[in-house]
Every structure is written in structure tokens, then in C-alpha cells.
Amino acid sequence: MFGTVARLQLKPGHQQALMDLQNNWDDTRDPAAVGAKAVYVFQSERDENECTLVAIFRDRDAYFANANDPEQDRWYRQMREHLTADPEWVDGEVIMSEMF
């Protein structure tokens, strides 16, 4: 599996808009994002406007196929409107995963 972790700094009052946009991704982009496995969004305990997004794909090729899709870029630009700065991205191979 391969994915990304992104630290997001939301504009105050934009949390629901970000969640609505993520739900829209689930409805519109997810079917086109072959190999998408999971998305998690965590809200920070210390700052309600700081979130961490985790996206998991089947493999590196599926991840980059989605990342390079012009429709994904359009979705990202919509997400960016709700942030105070560009996200901090960390892409990488999932080397351990466990569900309980």
C-alpha cells in the first residue's frame, strides 16, 4: 500500500466545508480513483483548525495516477480554498497496518 499524510491548517469556521468537500470526493472522485482504499481526517486536540489527512491507495502507481489526474487537481484547488497555507505532504509506502 502507498499513501500520503497531510497536515492541514484550516481557515477558522471552514471545518464543515472541508468535511462536505471530502464527502463530495467520496461520491465523485472515489469511483474514478482506482485503488483508493481509505481516507482518514483527524482534528487536532490542541488546535481545532488543524487537521491531519491520511489517504491510502492500493499501491504507488494507483496513488500517483490519482495525484496526476486533472480532476484530482481541481478537487485539491477547491480544498485549498479552505486552508490558510498549502498542506505539508508526506508520501510513502505503508510498511505496517493493522485493524482491530
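Here the structure is shown first, and the text comes after it.
Reading the values: rules and limits
- Residues numbered from 1 in each chain as written.
- Predicted model: local features only at pLDDT ≥ 70, side-chain atom pairs only at ≥ 80, totals over all residues.
- Heavy atoms only, no water.
- Helix = DSSP H or I, 4+ residues; strand = E, 2+ residues; numbered from the N terminus.
- Buried < 20%, exposed > 50% of the residue type's maximum accessible area, 1.4 Å probe, protein only.
- Polar contact = N/O pair within 3.5 Å; in protein donor to acceptor, adjacent residues only side chain to side chain.
- Pairing = 2+ DSSP bridges.
- Axes fitted to C-alpha atoms, helices over the stretch in contact; angles between N-to-C directions.
- Contact = heavy atoms within 4.5 Å.
- Core = buried A, V, L, I, M, F, W, Y, C linked by side-chain atoms within 4.5 Å.
- 1 Å grid on protein atoms, 1.4 Å probe; cavity = no way out; pocket = protein on both sides within 12 Å on 5 of 7 lines; lining within 4 Å.
- Points joined across faces, edges and corners; volume = space filled by probe spheres on them.
- Nonpolar A, V, L, I, M, F, W, Y, C, P; charged D, E, K, R; others polar.

## Let's talk about the environment of R46
Its location among the elements puts R46 in the loop between β2 (36-43) and β3 (50-57). The exposure class assigned to R46 is exposed, which follows from its relative accessible area of 68%. Within polar-contact distance, the side chain of R46 engages the side chain of E50 at 3.1 Å.

## Details of the sheet that holds β2
As summarised here, the arrangement of the four strands in space is β2-β3-β1-β4, forming an open sheet in which the pairing is antiparallel. The outermost strands of the open sheet, each flanked by one partner alone, are β2 and β4 (88-93). Taking the axes of each pair of neighbouring strands and ignoring which way they run, one obtains an average angle of 15 degrees across the sheet. Inspection of the sheet shows strand β1 (residues 2-9) paired to β4 by six bridges, in the antiparallel sense. If you follow G3 over to β4, its bridge partner there is G92. Each of β1, β3 and β4 touches helix α2 (residues 60-67); the most contacted strand, β1, lies at about 45 degrees to it.

## Details of the nonpolar core
Ranked by internal contacts, the top residues of the largest apolar core, which has 17 residues, are L8, L10, F57 and M79. Contributing elements (two or more residues each) for this core: β1, α1 (15-28), β3, α2 and α3 (70-80). A total of four residues in this core trace back to one element, the largest contributor, which is β3. Excluding anything up to four places from it in sequence, L10 contacts Q15, L18, N49, C51, H82, L83 and T84.

## Considering the pairing of β2
By the bridge criterion, seven bridges tie β2 to β3 in an arrangement that is antiparallel. Residue pairing in the sheet places V41 in a bridge with L53 of β3. Between β2 and β3, which pair antiparallel one after the other, the connecting turn spans six residues.

## Some words on the environment of D61
By secondary structure assignment, the location of D61 is in helix α2. The sequence separation of D61 and M1 amounts to 60 residues, and the corresponding C-alpha distance is 9.9 Å.

## Quick notes on empty space enclosed by the protein
According to the stated counting rule, one finds one cavity of 30 Å³ or more in the structure shown. Each pocket or cavity is described by its volume, and for the largest cavity that value is around 30 Å³. Looking at the lining of the largest cavity, the elements with two or more residues in it are α1 and α3. Residue composition of the lining of the largest cavity, by class: five nonpolar, one polar and no charged.

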